[in-house]
Amino acid sequence: MPAAPASCPCGLPAPYQDCCGRFHRGEASAPTAELLMRSRFTAFATGDTAYLLRTWHPADRPAHLEPDRRLRWTRLEILGSTGGSVIHTEGAVRFRAHYTERGRPGELEEHSRFLRLEGRWVYAGVVQAQG
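As the structure is a computational prediction, the values presented were derived from the model and not from experiment. (Residues numbered from 1 in each chain as written. Predicted model: local features only at pLDDT ≥ 70, side-chain atom pairs only at ≥ 80, totals over all residues. Heavy atoms only, no water.)

So, the packing of aromatic side chains
For any pair of aromatic rings, the description rests on two quantities: the centre-to-centre distance and the angle between the ring planes.
Then, number 1: Tallied over the entire structure, the rule returns five aromatic pairs.
Then, number 2: Ring plane angle 80 degrees and centroid distance 5.5 Å describe the contact between Trp56 and Tyr123, whose orientation is recorded as edge-to-face. Of this pair, Trp56 sits in the loop between α3 (49-54) and β1 (71-83) while Tyr123 is found in strand β4 (residues 120-126), placing the two residues 67 residues apart along the sequence. Note on accessibility: Trp56 and Tyr123 belong to one class, buried.
Then, number 3: Where Phe114 meets Tyr123, the ring centres are 5.9 Å apart and the plane angle is 65 degrees; that geometry is what we call edge-to-face. Both residues of the pair, Phe114 and Tyr123, count as buried.
Then, number 4: Here a set of aromatic residues connected by ring pairs shows up, and it is made of Phe41, Phe44, Trp73 and Tyr99.
Then, number 5: Over the ring of Trp56 we find Arg40, and its NZ or CZ is 5.0 Å from the ring centre. (Phe/Tyr/Trp six-rings, centres within 6.5 Å; stacked < 30°, edge-to-face > 60°. Helix = DSSP H or I, 4+ residues; strand = E, 2+ residues; numbered from the N terminus. Buried < 20%, exposed > 50% of the residue type's maximum accessible area, 1.4 Å probe, protein only. Lys NZ or Arg CZ within 6 Å of the ring centre and 35° of its normal.)

Remember, this is a structural readout, not a statement about activity or role.
Here it is in C-alpha cells:
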C-alpha cells in the first residue's frame, strides 16, 4: 500500500489522517453515505483493498480485490446525493472520479447506492437506470 497522503484525496479540506484515515483505521464509521463514498474513493487512491471489501455489501462483495496498478485516482467530484444522512437507511451518491492511466487523464462517473447494514453504511452497487 502506498504511503498515506498528507491531504485527503477525497476532496475535503482536511489531512488524510483526520479525514478518511480514521475510517480506514477503523476508529470511526462514516456517518453518511457521501462520507462513505469519499472514504471509498480514498481507499482506491491509497490501495486500501481491505477497507473497500469491509464497506461492500456482502451480497455483491467480491471474494478479493486487486487494485489496478496502472490507474492513479487523482480527484473526486460529488455531483449530487439523495438520502444517506444519519437518519436514513438508504442513500445514493452521484460522483465523478478522475484518474490517470499511463499518463493519460480519464474519469469515471457513477451513481452509487448505499445501504445502512447493522448500523454502518455499505456500498450496494450502481443505481439502476429507469425508463
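Okay, back to it.
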